[in-house]
Amino acid sequence: MSRLLTTLTLLAFTLSAYSADLSSLSNKDASNGLKEALIQGAGKAVGKLGAVDGFLNNPEVKIPLPDNLKKAEKAMRMFGMGDQADELVLKMNRAAEAAVPEAKTLLVNSVKSMSVSDAKNILTGGDDAATQYFKRTTSGPMAEKFLPIVKKATENVALAQQYNKFAEMGSQFGLVKKDQATLEQYVTQKTLDGVYLMMAEEEKAIRQDPMGQASSLLKKVFGSLGN
């Protein structure tokens, strides 16, 4: 997320150096600079997670068995069902990797519709201000995009079908968490969690390294802070 890193880096440095008021920025330049940074950053994040093994080989976002199956995993392996458990983990993570590219258009549209107020709140907000903005504006439509892709990727997995049969019944009695009532819901939510977790970690790291990088674009965007 080099553009996003550059944006937040230069802003943090300039604010501390000049104690400038953000209202002095050109609305057009400030908004366009941030939007370009966020669009490029979101594209890179989606590309990383949407690649083969983007979820499966990343311990931070890898999707494990749902809680109830995880508790029974040891017994499953004792009774020769280890291959089924492994297949389900593989299919869930492949489903997430297949679904994530759908996020890019939603993230880009969210950035394009960002108001000047939103942009300034992100720039002066907490470590995950941009991530929270994306959660607020994209989590609902993103889940709708992910769900059918996840369902298609897992529908022929025998263990997934068995899980859905018992989990749906268990959820009615409060024995299974609502977001785990079906495997599709579980994987969809975990996919969303993975996207936002990666974005939050990158954003936090960017803010903690305020002297990282700079570019001519960002100098132009934030140059008015020194005036």
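Residues numbered from 1 in each chain as written. Predicted model: local features only at pLDDT ≥ 70, side-chain atom pairs only at ≥ 80, totals over all residues. Heavy atoms only, no water.

A word on the overall build of the chain
Across its full length, the chain carries 10 helices and 0 strands. Of all 227 residues assigned to the chain, the portion counted as buried reaches 44%. Here the chain displays about 11600 Å² of accessible surface, and carbon together with sulfur accounts for 53% of that area. (Helix = DSSP H or I, 4+ residues; strand = E, 2+ residues; numbered from the N terminus. Buried < 20%, exposed > 50% of the residue type's maximum accessible area, 1.4 Å probe, protein only. Areas by Shrake-Rupley, 256 points an atom, 1.4 Å probe, with all protein chains shown as cover.)

Considerations on the nonpolar core
Leu38, Leu88, Met92, Phe134, Met142, Leu183 and Val187 are the most contacted members of the largest nonpolar core, which has 47 residues in total. For this core, the element with the most residues is helix α9 (residues 183-208), which contributes 8 residues. (Core = buried A, V, L, I, M, F, W, Y, C linked by side-chain atoms within 4.5 Å.)

Looking at the confidence of the model for the chain
Chain-level statistics for the chain give a pLDDT mean of 76 and a share of 69% at 70 or above. Ranking the elements of the chain by mean pLDDT puts helix α10 (residues 216-222) last, at 45, and helix α7 (residues 129-154) first, at 95. Contacts for the low-pLDDT stretch residues 8-25, under 50 throughout, to residues beyond four places or in other chains number 39 contacts. Low confidence marks residues 210-227, where pLDDT is under 50. Its contacts with residues over four positions away, or in another chain, come to 44 contacts. (pLDDT = per-residue confidence, 0-100. Contact = heavy atoms within 4.5 Å.)

Re the side chain of Thr191
As for its placement among the helices and strands, Thr191 is situated in helix α9. When neighbours within four sequence positions are excluded, Thr191 is seen to be in contact with Phe55, Ile63, Ala96, Val100 and Phe146.

Notes on the environment of Leu197
For Leu197, the location among the structural elements is in helix α9. Overall, the relative accessible area of 32% leaves Leu197 in the partly exposed class. Once residues lying within four places of it in the same chain are set aside, the contact partners of Leu197 are Glu60 and Val61.

Considerations on unusual backbone geometry
Although it is not a glycine, Asp53 sits at a positive phi angle of roughly 70 degrees. Here Asp53 lies in the loop between α2 (27-49) and α3 (67-78). Taking relative accessible area as the criterion, Asp53 reaches 25% and is therefore assigned partly exposed.

Digging into helix α4 (residues 82-99)
Between its first and last C-alpha atoms α4 spans 26 Å; for 18 residues at 1.5 Å apiece the expected length is 26 Å, and the two agree. All of the buried residues along α4 are Gly82, Ala85, Leu88, Val89, Met92, Asn93, Ala95, Ala96, Glu97 and Ala99. (Expected span 1.5 Å × (residues − 1).)

Describing the pattern of salt bridges
Any two side chains of opposite charge can pair, so long as their charged atoms come close to each other. Taken as a whole and assessed by the stated rule, the structure comprises 2 salt bridges. When the shortest N-O distance is used, the salt bridge between Asp53 and Arg94 registers 3.0 Å. Linking Asp53 in the loop between α2 and α3 with Arg94 in helix α4, this pair joins segments that are 41 residues apart in sequence. Taking the shortest distance from any N to any O, the salt bridge between Arg94 and Glu97 comes out at 2.9 Å. In this pair, Arg94 and Glu97 both sit in helix α4, 3 residues apart, roughly one turn of the helix. A residue is classified by how much of its surface remains accessible, and Arg94, at 31% relative accessible area, is partly exposed. Connected through shared salt-bridge partners, Asp53, Arg94 and Glu97 make up one network. (Salt bridge = Lys/Arg side-chain N within 4 Å of Asp/Glu carboxyl O.)

Looking at the packing of helix α6 (residues 116-124) against α7
As a packed pair, α6 and α7 sit with axes 7 Å apart at the nearest point and diverge in direction by 140 degrees. One finds that α6 runs oblique with respect to α7. Here Asp118, Asn121 and Ile122 of α6 come into contact with α7, specifically with Ala129, Ala130, Tyr133 and Arg136. Of the residues in the contact of α6 with α7, the class split is 4 nonpolar, 1 polar and 2 charged. (Axes fitted to C-alpha atoms, helices over the stretch in contact; angles between N-to-C directions. Parallel < 35°, antiparallel > 145°, perpendicular 65-115°, else oblique. Nonpolar A, V, L, I, M, F, W, Y, C, P; charged D, E, K, R; others polar.)

Overview of the side chain of Ser110
Summarising the element assignment, Ser110 is placed in helix α5 (residues 103-112). Residues contacting Ser110, with those up to four places away along its chain left out, are Tyr133, Phe134, Thr137 and Thr138.

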